[in-house]
Amino acid sequence: MVVRVESVSTIVPAVPTPQPCTLWLCNFQIQVLGDNYIKQVYYYPAALDHVSSFDSLVASLKDSLSRILVPYYPLAGRPRIAGLDRPILECNDRGIEFVVAFADASFGDWGNSMKQCSIEQELNPAQTAITDPENFPQLKVQVTKFRCGGIALGLVTSHTLLDGSSFFPFLKAWSELHRGFPPPNPPPSFDSSLLKARDPPCVTVPVRDFVAVTPAIAEEMDKAAQDFKPSYHVRAFHMNEQQLAELKHEIASGPFAYGSSPTSFEAVSGLVWKCITEARDFDDSVTNTYIYAVSTKVGRNRWQPPMPSEYCGTSSFTLCLPCAVGDLKTKHVSHAARLFHEDVRNVGQERIQSTIDWMEETLRKGHDIGLNVSPPSTGMGIFSISLHSFPVYEFEFGWGRPAHFSMVLESWYGNGVMVLLPTPQGGMRERRIVVMLLEEQMKRLLQSELFARFTTLDC
């Protein structure tokens, strides 16, 4: 089963962006510039039942994408790094890559749910690494027609402008415009100056989650990542509403309960952290770090003045939560959940602002910024992506809602990756947990009685 690319074109805004036009990037955006992208695929089984032909579907997608790029004009731009004190985004209308492809396969080859689609890597525009950020589009799109008439819509996004809180509003605006609704009002804002460093920078809270990366260290890390290329296994698990309720009860009644009912995030993340750590069988004396993000834009009032809801840009604050492996293995799951509860509660305005100011000082010294976690060759971290609170199954282009959504995992993420998703049936009341591990570690996770108690293998 192969995917054949039919054409590759460039989509630019329907109305040219007045030039010159540049966008200032905050430190959170600079930190992810050049080495972060996300691959997603949306599966629409009956798309061609709603249009006259696949050609007309492609033409209409190109047209609506061109029109939504008028208010979302920075997505058609490119970063500029060379020769500058700090990177900027040039809103120069270089455009978005649009790929049309055909798959010699049918949705039914993997079951109508597409949960185990073996060619999902081919349903996105080809991308292995961002080796040249100045020529990497902020967004790439691929529409693939299957023999059965189903359509896969694949998207590759740079994290500079499109974290979760920005990407899903963009996709909603595009899908609504495609169906004849007006552009978003108010239009998206790309002004990230609310996340500016103070002048002069002032670090009042110690920075735990990031480290300065000198050129020599960066070169060493790149070499370690290149030399370490194991084969990973990806499996998905389902947690229904009852299992989630039972897990919350287990934590609320456990020896490390913290006086309030755990949130779904605390409960699921605590379970995953404990069980994956056990499966990876690290020495009890080492530290395992759980990498996750909270938003300065949604949720608690972490940032004042508040980020406007129409802000489009990376506003996520990444956290690197450490814990001794021995504690994660031997202590009740409520211990891991409590660590998340306390860590999230400690994320306030001054902690975030101090991190921004520390980043400013680090960048002025000519250093890069890295996460405070072991390099890929040691695999001591767990990298999590939480999309469970986003409406990933609600994007309607006029072909019905997607039957399935997948976050495409690649080896550069490293060992120990967890993606937390809603389900098409249960929505945000249920969870789909996608895990990537080395083969032997995955076998041990599948044998975990604790994990099997609260999840079911999603075949």
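Residues numbered from 1 in each chain as written. Predicted model: local features only at pLDDT ≥ 70, side-chain atom pairs only at ≥ 80, totals over all residues. Heavy atoms only, no water.

As annotated in an unreviewed UniProt entry, the protein carries the name BAHD family acyltransferase and comes from Selaginella moellendorffii. Its UniProt record gives the protein a comment under Sequence similarities (unreviewed entry), which states: "Belongs to the plant acyltransferase family." (UniProt positions renumbered as here; feature names shortened; annotations may be inferred.)

Novice: Quick one: what's the story with the overall build of the protein, residue by residue and with numbers?
Specialist: Secondary structure assignment for the protein yields eleven helices and 18 strands. Relative to the compact-globule value of 23 Å for 459 residues, the protein shows a C-alpha radius of gyration of 22 Å, a close match. Considering only C-alpha atoms, the protein reaches an extent of 60 × 55 × 45 Å along its principal axes. By residue count, 53% of the 459 residues in the protein fall in the buried class. Once local pairs closer than 6 in sequence are excluded, the contacts in the protein between residues at least 24 apart make up 80%. Carbon and sulfur atoms provide 51% of the accessible area of the protein, an area that totals close to 19200 Å². Here the protein carries 40 positive and 49 negative side-chain charges, and the mean point of each set is 3 Å from the other. (Helix = DSSP H or I, 4+ residues; strand = E, 2+ residues; numbered from the N terminus. Rg over C-alpha atoms; globule rule 2.2 N^0.38 Å. Buried < 20%, exposed > 50% of the residue type's maximum accessible area, 1.4 Å probe, protein only. Contact = heavy atoms within 4.5 Å. Areas by Shrake-Rupley, 256 points an atom, 1.4 Å probe, with all protein chains shown as cover. Lys, Arg positive; Asp, Glu negative; His and termini not counted. Charge placed at Lys NZ, Arg CZ, Asp CG, Glu CD.)

Novice: So what's going on with the layout of surface pockets? Residues and values would help.
Specialist: Its volume calculated, the second largest pocket comes out at about 450 Å³. K115, Q116, C117, E120 and V234 are the residues nearest the centre of the second largest pocket, which is lined by 24 residues in total. For the lining of the second largest pocket, the elements supplying multiple residues, two or more each, are β10 (232–239), β15 (404–407) and β17 (427–438). For the lining of the second largest pocket, a count of residues per class yields twelve nonpolar, six polar and six charged. The two domains that each donate at least three residues to the lining of the second largest pocket are domain 1 (3–161) and domain 2 (210–457). (1 Å grid on protein atoms, 1.4 Å probe; cavity = no way out; pocket = protein on both sides within 12 Å on 5 of 7 lines; lining within 4 Å. Points joined across faces, edges and corners; volume = space filled by probe spheres on them. Nonpolar A, V, L, I, M, F, W, Y, C, P; charged D, E, K, R; others polar. Domains from an automatic or database assignment.)

Novice: Which residues make up the nonpolar core, and what values go with them?
Specialist: Y42, L65, V143, F170 and W174 are the most contacted members of the largest nonpolar core, which has 61 residues in total. Top element by residues in this core is helix α3 (residues 164–178). It accounts for seven residues. Two domains each put at least three residues into this core: domain 1 (3–161) and domain 2 (210–457). One finds I251, A267, C275 and V344 within the second-largest nonpolar core, a separate group that totals 52 residues. (Core = buried A, V, L, I, M, F, W, Y, C linked by side-chain atoms within 4.5 Å.)

Novice: Describe the packing of aromatic side chains, naming the residues involved and giving the relevant values.
Specialist: Inspection of the entire model under this criterion finds 28 aromatic pairs. Seen from their ring centres, F168 and F395 are 5.9 Å apart, and the 10° between their planes marks the pair as stacked. Taken as a pair, F168 in helix α3 and F395 in the loop between β14 (381–386) and β15 lie far apart in primary sequence, 227 residues in all. Each member of the pair F168 and F395 is classed as buried. By way of ring pairs, the aromatic residues Y44, Y72, Y73, F170, W174, F190, F397 and W399 are connected into one cluster. (Phe/Tyr/Trp six-rings, centres within 6.5 Å; stacked < 30°, edge-to-face > 60°.)

Novice: Can you explain the packing of helix α2 (residues 54–68) against α3? Please cite residues and give values.
Specialist: Running from N to C, α2 and α3 point in directions that differ by 125°, and their axes come no closer than 9 Å. Judged by the inter-axis angle, α2 sits oblique to α3. The handedness of the crossing between α2 and α3 comes out as right-handed. From α2, S60, L61, S64, L65, R67 and I68 reach across to α3, where they touch F170, A173, W174, L177 and H178. (Axes fitted to C-alpha atoms, helices over the stretch in contact; angles between N-to-C directions. Parallel < 35°, antiparallel > 145°, perpendicular 65-115°, else oblique. Left-handed = near helix turned anticlockwise from the far one by under 90°.)

Novice: Residue-level account of the sheet that holds strand β7 (residues 139–146), with values.
Specialist: Spatially, the six strands line up as an open sheet ordered β1-β6-β7-β8-β3-β15, and their pairing is mixed. The open sheet has two free edges, formed respectively by β1 (3–11) and β15, since each of these has just one partner strand. Neighbour-to-neighbour, the strand axes of the sheet open up by a mean angle of 15°, direction not taken into account. Summarising the sheet, β1 and strand β6 (residues 96–103) pair through eight bridges and their orientation is antiparallel. When the sheet's bridge partners are listed, T10 is paired in β6 with E97. In this fold α2 packs onto β1, β6, β7 and β8 (151–158), with an angle of close to 165° to the strand it touches most, β6. (Pairing = 2+ DSSP bridges.)

Novice: Explain the environment of P391 residue by residue, including any values.
Specialist: Secondary-structure assignment places P391 in the loop between β14 and β15. Of the residues examined, P391 reaches a relative accessible area of 27% and is grouped as partly exposed.

Novice: Quick rundown of the domain arrangement of the protein? Include the residues and the values.
Specialist: Under the domain assignment used here, the protein contains domain 1 (3–161) and domain 2 (210–457). A C-alpha centroid distance of 25 Å is found between domain 1 and domain 2. Taken together, the contact pairs 38 residues of domain 1 with 35 residues of domain 2. Between domain 1 and domain 2 the total buried area reaches about 3100 Å² when both faces are included, carbon and sulfur atoms providing 60% of it. If you look at where domain 1 meets domain 2, you find two salt bridges. Residue K39 pairs with E410 through a salt bridge whose shortest N-O separation is 3.1 Å. The interface formed by domain 1 and domain 2 holds 15 residue pairs in polar contact (both at pLDDT 80 or more) in total. Listing elements by their share of the side of domain 1 that touches domain 2, those giving two or more residues are α1 (27–32), β3 (37–44) and α2. Tallying contributions element by element places β3 first for the side of domain 1 that touches domain 2, with eight residues. By residue class, the composition of the side of domain 1 that touches domain 2 is 20 nonpolar, 13 polar and five charged. (Buried area = accessible area lost by both parts, 1.4 Å probe. Salt bridge = Lys/Arg side-chain N within 4 Å of Asp/Glu carboxyl O. Polar contact = N/O pair within 3.5 Å; in protein donor to acceptor, adjacent residues only side chain to side chain.)

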